[in-house]
Every structure is written in C-alpha cells, then in structure tokens.
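Tertiary structure, described
This is what each chain is made of:
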Amino acid sequence: MEAHDKRKHSVGGTTLHTCHPCRRAVPYRIYGVIHTCGILALMYHHINSLLTADTTLITYLLLFSDVILAFMWATSASLRFNPVHRSEYPEMYAAKPKQDFPKLDVFICTADPYKEPPMMVVNTALSAMAYDYPSDKISVYVSDDGGSSLTLFALMEAAKFSKRWLPYCKNNNIQDRSPEVYFSSKSHTWNDEADNLKMMYEDMKSRAEHVVDTGKVETEYITCDQFRGVFDLWTQKFTRQEHPTIIQVLQNSETDMDDSGKFIMPNLIYVSREKSKVSPHHFKAGALNTLLRVSGVMTNSPVILTLDCDMYSNDPTTPVRALCYLTDPKIKSGLGFVQFPQKFQGVSKNDIYACEYKRLFDINMIGFDGLMGPNHVGTGCFFNRRVFYGPPSNMISAEIDELNPNRIADKSIEAKDVLELAHNVAGCSYEYNTNWGSKMGFRYGSLVEDYYTGYMLHCEGWRSVFCSPKRAAFCGDVPKSLIDVVSQQKRWAIGLLDVSISRYSPLTYGVKSMGLLVGVGYCQYAFWAFWSIPLIVYGVLPQLALLYGVSVFPKSSDPWFWLYIFLFLGAYGQDLLDFVLEGGTYRGWWNDQRMWMIRGFTSFFFGSIEFILKTLNLSTHGFNLTSKANEDDEQGKRYEKEIFDFGPSSSMFLPLTAAAILNLFAFVWGIYGLFIWGERLVLELILVSFAAVNCLPVYEAMMLRKDAGKLPKRVSVLAGILTFALILSGYFFLE
C-alpha cells in the first residue's frame, strides 16, 4: 500500500483503526505548483493575444473555456493535497460483549415496484437483517414512497423466509447474505439444507413476481392472518399521490424467533408515509426524514444505516467496521457519519459507461478524507443519529421529546401509543412550521439530497470518515444502456446546480464554513454542469476553424504550442495515475474520460438548460427514478460485449452526434490540409484527432450496426442537418 506515517487509534488499549497518508501527496503538491504556473502563463498568453491581435468571438470563448478548465483543475488539486487510506480491525471490536453493541436502524428506500422490483428490495433487506450483529439490536425500516401493496406483500414473504435464511447464514458463516446472489453463485458447495432453502426462495420469488405481473395481491396469496387487514387499506381511492400513512410491523425482535426457536429475529417495519397532492413531499429526502421520525418513536437507535433498495450488503461485518470509528472516544463527538464506497456487480470488463464512478467513489473520497471527510453519496452510510439535530456543539431539540436523539426507546414497537405517534409523525402535514429539512434531518432544496445533506453537515462542523475495505461492503446494479446513464446524470447535474447557484454555494458559503481546500473540493461536484461549456467549445469551434483554414492555436514552431501540450498531458497524466493507483485499468480510464465528454454534450448540457428553465419558472423538474428492473437479453449481451446501447430515439444524443460528425469532417479535411497549411494547424488537428477517436462508438452506431441499440436514423439525420448549419454559420464567424 502506498502509505507512510501510520497513525493508530485505539479504544481501551485495543487498536480499532489506522490512518495511512498517501506517499503521492508531496509529489502532487510540487506538480500542483508547476501546473498552476502553466495555467497562469496560459492566461497571460490569452490576455496578451486580446490586447495585441484582432479578437474574435472564438478568442473570447476559448479564454472563457480555459478559465473554467483551470477552475475545475483547481477543484481536483484541492483533493490531491492530502489523500489518506484507512484500515479498521472489526475482529477487535467483535470481541466485545454483545451488550456493548449499540442498536442499529437500517433505512431502505423504494418508490416504484416496476422500476425497483420488490424482490430487489427483499434481497437488500434480508442482507441487512443477516448481519453478524446482535439480531435484537437491528431494526430494518423499508420506506415505500409508492405506497404499493406489491412491495408490502414481498416484504411479508421475506419475513417468513428470514426465519430460515438468517440462522443458515450465521451457522454456516455465509458471506453472500443476499439470497439472490448466494443462490446464483456457482462457487458454493450445496447440501440438503441449502437445496431446501433455494426451493423456498424460488417459491417466494415466484409469488412476489406473480403479484407484480398481475398488479394486485390476491386474497389466497396472503398466508399470514395477522396481515390480512392491512391490505384492505388499498381501496379505489388509494393512489401513489394520495393515500394515508401505513406502518406495518412485519417482524418484532421481542416476540419473533426463527423456526427452531433458538435465534431472535430482527425488527422489520414497512412504512409508507401519508401523501397528498396539496402537500410537498420532497422526494427521497422527505421519505428519509419520515423514517428518521418513525424510527425515533419506535426504536431511536443511535446508529443509522441508509441504503438504496438495489444496494445489498456484501459483507456481514460491515456494521462492526463502522463502529470502529463511531465508538472511538477520540473522534466520536464530532464524527457525523462513516461513508462506504458504492461498488457494483455485473460491470462490463472495462466499464464501458464508467458507471463505477471511480473518481467519485474512490479517488475524490480519499482526498476528502484527508481534509474533513468524504461527502455523503446516498447509500452505504452509517450515521450518528445526533448528526441530524444541529451542529456538534449546539443540539437543536426536536419539537417533541420522543424524537430527541438521546432518548432511550423502552416501549414495544407494537404498543398502541407508539404506533399512534409513529403514524402522526409520518403525516404529510407534520413538518409544517418545524426545522425538518432546513436545520434538522436530510436537507430539502436539491434533487441530490445526499450531496446537499453531507455538504451542509460538514458546514455545521461535523466530520466524516471514508471506509473502503478490500471486500466491498455494498454492491448494486449498473444501468446497461447509455440513455439510462445520461438521464440519471442529468438529474444529478440539475440538483447540483440547485446548490451551486444558491446562497449556500460551496464557492462562497462552503469556503467560509469549511476552509478553502474543502470548499473548493466541494465545487468539483457542485459545478459539474459547467464542464459542458469547455467541452462543447473545444468540441466545435477549433473544428470549424480547421475546416476554414483559420488558426486559433499557436503553430508548432511557437513556444506557446508546447504550453498547450504540457497542460493537456499533465492534466490527463495525473488523472490516469490517480485512476491506476486506486485499482483502475488503462482501458477503464480511457472509457471514463470518454464518458466525461459524452456527459458534457448530454447530461451536463441538457441539465443546464432544464435548470435555467426551472429557474425562470418555465418548467418544473421532478425526481425521475432510474429503472433497476432487469434489461432485455439482447441489451445485456451488448453490454457484456462493450457495445454502446443508445436505446430509443432521444434528443439528448443530438448535440453529441452532430459534434461527432463535425469532428470526422474536420479530421478528414485536416489530414488533407496538412500538406497545404504545414505546421500552422497542427494543434487543431491533434485536438480533432483525439475527439474523433473518442467518437468511434458513435460512428459505429450510426453507420455499421443494425441491432436495436444503434443510433436511431432520426437522430443521425437531424444531427447531419445541425452539422451542416454549424459549418455554414462558421463561414460568417471565421471568413
């Protein structure tokens, strides 16, 4: 491991975790100074050109783009200042008496049984219920924001299956505690008990999928008499947008045992908050705040784990790893949360769509961890409940005593008064005139509630820790078509702009609250959408200039030529080094940088447009779920072969396709013109060549493919017309 100066943290003489600063920090700081000098020289060159030569619109646009690129490089440099790696020793904590383990509440959010199949939710819930942790101290809350009886039915079936599954996992030290993963694996040896369990699981799965296919829960499928009445709540007046609160205890650790009567079962609670068309519900942040209050009334555990419904637990020791930090007396008073990275199963060999987000979930995280700690990324995060009630030094009391984080919940979760209060705090009007969403709980005001909440917690003075064990703590699924990828990231871009263009912008409020390095580091996410400006400028204008034989960069004999080469190779080389040192591959890095270009012409560009329209009250943007349902077989095969799948016709690919066509024309013309112009347009040709190579999947999808994932003809034709219009407009700007 690339590290030195190992710092140990112990509890009662036992070392629970260590911190290892990365060796590359010092070389990175030295290079940062050199690169900064290069950027200042480039700015001088731009300004000097503006003052001494005839200026054009292209000159100003290139300067503006370089300013943005310099700023975005600075945000990366701030996270390279002090990267660290950590190690924790869960076996040391596990040796403690079980009564010393704090209670744990697990929050799982789902919203649509068709985009997020109930069996996916079931597997995530079962994997968390099966942790190597005292079962009577685990409470799993599932928030169903779609208010679906189909999801409730699947969880009801899961509660029955868990009474066989949990003892089997713990007795046999099974590591894969998601039943779907375990029974799909070919590496396990089977015995009669496993065969019987698999039959039970397949039966449960077929029942759950049957009710989804039919769209209703038939009476004969409800085998538990105690739950029959709750399904009567789904009347004709019940809709996703208009329905009462439903809280159903499916399993109670005080009364439920496994089938052998030896193991105590964890709590499992289904929650669907009240919805009304006249009350704002604040999407996922609102659902999480409802779970905070409901769990506060029922169990009020001091530690909370948040999970996406598709992010199953992959390591049964994960909670104990988090406790190695959360219970350390030297840091726990100011430690708000422990964030684990998102890892994914079924990723193509070289991660063609860059869905592992290596930079987001690994590279940037270790950089943040050396400063104030990583940001919250929406799932796989263990929170100190106290973090949701104001700054470390100034707790904000809840509006009722039952919700205060230090209260000990000593009543049964099925007590009448407990359930009545839980229903009350889940009401759609409960938050009126309270601090929920502003000073307490998960924060409202952005579609990316995870980023915004983690950012505001850091601004309040809380710290966090990045925990990245060798065995992935959590695993999820990745989208397998390009349209799903860019649509998801368009929503992220809009949500991040909500934060960046607000009074809480990291560039102002963040720097003031957290310091320069952390504030600027947060800007890398907040200003994501701004990448579209330099990417579009450099993807279009030099190409038009090349077609008309107009030079916009220094010729190869000019010393300034080598400054451009140095800055390009330096930035890309450092990015590649980061990628490889954190376990990536060279092909994976190439795909990652190509996806940044694709996002610039799709997600970031259209996200910026929608944000502007929303700001001007010309449109509204809701929270669109990314479908996590299984893709068709042909799409899956294309993904495995690393063939781009553009999906159905979408206007989001129009700018990308037009830029690809333009770069192809410019490349062909540039090769021909090289013999005419000589060295004058070499830098333009290098840029065009680089862009054209990145666009190879687009050319293939336009001209060579016949499958359903090819680029639709309508998009190709419209892109051709747009390219012609761009070339024609270049005549007026460049001639």
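Here the structure is a predicted model, which means the values were calculated and not measured. (Residues numbered from 1 in each chain as written. Predicted model: local features only at pLDDT ≥ 70, side-chain atom pairs only at ≥ 80, totals over all residues. Heavy atoms only, no water.)

Details of the sheet that holds strand β14 (residues 474–476)
One open sheet holds the three strands; their spatial order is β9-β14-β11, and the pairing between them is mixed. The strands lining the two open edges of the sheet, one partner per strand, are β9 (312–313) and β11 (343–344). Across two bridges, the pairing between β11 and β14 is parallel. Within β14, the position partnered with K343 by the bridge is C475. (Pairing = 2+ DSSP bridges. Helix = DSSP H or I, 4+ residues; strand = E, 2+ residues; numbered from the N terminus.)

Re helix α7 (residues 192–214)
For α7, which comprises 23 residues, the first-to-last C-alpha distance of 33 Å matches the rise-based estimate of 33 Å (1.5 Å per residue) to within 8%. All buried positions along α7 are accounted for by A194, L197, Y201, M204, K205, R207, A208, V211 and V212. Next to the buried residues of α7 lie α4 (118–129), α5 (149–171) and α6 (179–184). For α7, the N-terminal cap is N191; the gap from its side-chain oxygen to the backbone nitrogen of E193 is 3.2 Å. Downstream of α7 by a residue or two, G215 has a phi angle that is positive, lying close to 80°. (Expected span 1.5 Å × (residues − 1). Buried < 20%, exposed > 50% of the residue type's maximum accessible area, 1.4 Å probe, protein only. Contact = heavy atoms within 4.5 Å. Polar contact = N/O pair within 3.5 Å; in protein donor to acceptor, adjacent residues only side chain to side chain.)

Here we look at the layout of surface pockets
Estimated volume of the second largest pocket: approximately 1300 Å³. The wall of the second largest pocket is formed by 49 residues, among which L69, W531, L535, F568 and Y572 lie closest to the centre. At the level of secondary structure, the elements contributing two or more residues to the lining of the second largest pocket comprise α1 (25–52), α2 (57–78), α16 (532–547), α17 (559–581), α18 (586–601), α21 (654–677) and α22 (682–694). The dominant element in the lining of the second largest pocket, judged by the number of residues it contributes, is α17, at eight residues. Residue composition of the lining of the second largest pocket, by class: 35 nonpolar, nine polar and five charged. (1 Å grid on protein atoms, 1.4 Å probe; cavity = no way out; pocket = protein on both sides within 12 Å on 5 of 7 lines; lining within 4 Å. Points joined across faces, edges and corners; volume = space filled by probe spheres on them. Nonpolar A, V, L, I, M, F, W, Y, C, P; charged D, E, K, R; others polar.)

So, the sheet that holds strand β7 (residues 267–272)
Read from one edge to the other, the open sheet built from eight strands follows the order β6-β7-β5-β4-β8-β12-β10-β13, with strand pairing classed as mixed. Two strands close off the open sheet at either side, each with one partner strand: β6 (246–251) and β13 (463–466). With strand direction ignored, the average angle separating the axes of adjacent strands in the sheet is 20°. Two strands pair when backbone bridges link them, and strand β10 (residues 335–339) and strand β12 (residues 381–384) are joined in this way by three bridges, in the antiparallel orientation. In the sheet register, V338 faces β12, and the bridge partner there is F382. Across the face of the sheet, α5 comes into contact with β4 (104–110), β5 (138–144), β6 and β7 while running at roughly 20° to β6. Packed on one face of the sheet, helix α9 (residues 318–326) meets β4, β8 (303–308), β10, β12 and β13 and runs near 150° to β10. (Axes fitted to C-alpha atoms, helices over the stretch in contact; angles between N-to-C directions.)

Thoughts on the nonpolar core
Counting 144 residues, the largest nonpolar core has V140, W165, V338 and F382 as its most contacted members. Sorting elements by how many residues they give to this core places α5 first, with 13 residues. Not counting chain neighbours up to four residues away, the residues in contact with V140 comprise V106, I108, A125, A128, M129, N267, L268 and I269. (Core = buried A, V, L, I, M, F, W, Y, C linked by side-chain atoms within 4.5 Å.)

Some words on the pairing of β5
Of all the seven residues making up β5, seven are buried; the element is thus mostly covered by neighbouring parts of the structure. Side-chain alternation along β5 places I138, V140, V142 and D144 on one buried face and S139, Y141 and S143 on a second face that is also buried. Where β4 and β5 come together, seven bridges link them in parallel fashion. Looking at the pairing, I108 lines up with V142 of β5. In this fold, the crossover linking β4 to β5 by way of α4 has right-handed handedness. (Right-handed = clockwise from strand over helix to strand, strands pointing away.)

What about a nonpolar patch on the surface?
A cluster of nonpolar side chains, namely W669, I671, Y672, L674, F675 and I676, defines an oily patch on the protein surface of about 660 Å² accessible area. With respect to the helices and strands, the residue L674 is situated in helix α21. A residue is classified by how much of its surface remains accessible, and L674, at 35% relative accessible area, is partly exposed. (Patch = residues over 30% accessible without salt bridge, like charges linked within 9 Å, V, L, I, M, F, W, Y side chains within 5 Å. Areas by Shrake-Rupley, 256 points an atom, 1.4 Å probe, with all protein chains shown as cover. Salt bridge = Lys/Arg side-chain N within 4 Å of Asp/Glu carboxyl O.)

A word on the environment of R273
Relative to the helices and strands, R273 is located in the loop between β7 and α8 (283–298). By relative accessible area, which is 7% here, R273 ends up buried. Distance in space between the C-alpha atoms of R273 and I246 is 6.4 Å, their sequence separation being 27 residues. Setting aside residues up to four positions removed in sequence, R273 forms contacts with D145, H243, P244, T245, H281, F283, G286, A287, T290 and A426. One polar contact links R273 to D145, side chain to side chain, over a distance of 2.7 Å.

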